Amino acid sequence: MLKASFFDGISSQQREVVIVFKGDTLSFEYVDIFGTSIHLHWKNGEIIHEKHSHGTHRKISFKSNELVFLELYDQDFSELDAWLKDQEVDNRKYALFMSRGLLVTFLVLILGFFPLLYFVGLPLMADYASENMPVEYEQKMGNQMSASLLASMDEVKVKSTYADSFVSCFPDKFRIPVKIHVVKSDILNAYALPGGHIFVNTRILEACKTKEEFAALLGHEIGHVQLRHSTKAIMRSVIGNILLSVILSDFNAMAGVAAEQANKLKDLSYSRGVERSADAYSSELLRRSQLDLRGLADLFVLFEKEEKETPVSVPEFLSTHPLTKERIRTARRNATLNLGNIRPNPLMENYFRKLKSEQTKFLPGVGTYKTF
């Protein structure tokens, strides 16, 4: 048996393992980033063995993904050499370090290009990392952020369940599954977290008068989730720490840094282009659901009315989802073009009635909620 450091190609964390040789197979066990015990068995033809010229260091890589590898240092390699002698293993030699001159040149180039890298390259890298992030890692990040927010909120779990049932009436099977959290708040707001968590404040639920308005609201936030707008916004806001974690493939660290930003998610503002794309997603989702697209236009009218009635304090939804006349005109035009595609949806109507049947209102000046 030999001791080795194992790198799984996902996290920068190394794990100490013990290698066992049996027949043509090299085996070892490790615990992954989710705490699951994993047993790996590599056949001789599946690995690459590399020997450092000084003989003090060996590296064994998994041939189909060389980011997955074992490193062995300063020990008796006789058992490994005996096993390799009888196996059909790809053997190579390599050097561990750059020359000093090459390293200095590399550092000078990095420093020279740092401003360009920081102001242009990093945002592009953030978007690229968001687009290509495995869904399970985005969900893990979202789960941590959601737990952080819910720890300081009062979720109306019955309403959350009905809202999830409402979403199930949409015909789409979402690439990133969504989970709705209805939370008690007198602030007109709804927002999406990475990984599918959508928070809907009771105040904005109360304001929605029809299932079409509520479907348009959820469709807009689902659009932010599926198009990964919230993930990109978070990654850009913590670009240094997050991108370093991505570069190092340390998704545990990435989730931790993002979780620290959970409370800032409610204040993240989207660009006009991002808002238009979420509107378009919502309209298309309503169209495929054969719902009246006037629901989105009516939702915007609701926000306009709220803004006029509370001029001192702009509704939080409008501060993070800026409303423009162009968005209202587009929503109304799309609704007019879709009038022949509307069908009743009794199941969705039923879930919406259940959501509205138990009103949860904030009592001003008292600081409490009353259900009636």
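Located above this text is the structure these notes cover.
One structure accompanies this document, and this report is about it. (Residues numbered from 1 in each chain as written. Predicted model: local features only at pLDDT ≥ 70, side-chain atom pairs only at ≥ 80, totals over all residues. Heavy atoms only, no water.)

Structural notes on the nonpolar core
Phase 1: Ranked by internal contacts, the top residues of the largest apolar core, which has 44 residues, are F166, F170, V200, F214 and I222.
Phase 2: With 7 residues, the top contributor of residues to this core is helix α7 (residues 211-226).
Phase 3: Once you skip the residues sitting within four places of it in the chain, F166 turns out to touch K211, F214, A215, L218, M348, Y351 and F352.
Phase 4: Ranked by size, the runner-up nonpolar core spans 20 residues in total, among them I19, L26, F28 and I60. (Core = buried A, V, L, I, M, F, W, Y, C linked by side-chain atoms within 4.5 Å. Buried < 20%, exposed > 50% of the residue type's maximum accessible area, 1.4 Å probe, protein only. Helix = DSSP H or I, 4+ residues; strand = E, 2+ residues; numbered from the N terminus. Contact = heavy atoms within 4.5 Å.)

What about the pairing of strand β1 (residues 2-7)?
Remember that side chains alternate between the two faces of the sheet whenever the strand is regular.
Phase 1: In terms of residue burial, β1 counts as a mostly covered element, since 5 of its 6 residues are buried.
Phase 2: Taken together, the 5 bridges between β1 and strand β2 (residues 15-22) define a ladder with antiparallel strand orientation. Looking across to β2, one finds that L2 is bridged to I19.
Phase 3: Both β1 and strand β7 (residues 65-73) contribute to a ladder of 3 bridges, which runs antiparallel. Considered in β7, the bridge of F7 is made with F69. (Pairing = 2+ DSSP bridges.)

Considering the packing of aromatic side chains
Phase 1: Here the structure, examined in full by the defined rule, presents 12 aromatic pairs.
Phase 2: Seen in terms of ring centroids, F6 and Y30 are 4.6 Å apart; in terms of plane orientation they differ by 50°. Their pairing is tilted. On the criterion of sequence distance, the pair formed by F6 in strand β1 and Y30 in strand β3 (residues 25-31) is long-range, its members being 24 residues apart.
Phase 3: The class for F6 is buried, based on a relative accessible area of 1%.
Phase 4: On the accessibility criterion, Y30 (12% relative accessible area) is buried.
Phase 5: Pairing F166 with F170 gives two aromatic rings, centres 6.2 Å apart and planes at 90°, and the pair type is edge-to-face.
Phase 6: Residue classification places F166 among the buried positions, given a relative accessible area of 0%. (Phe/Tyr/Trp six-rings, centres within 6.5 Å; stacked < 30°, edge-to-face > 60°.)

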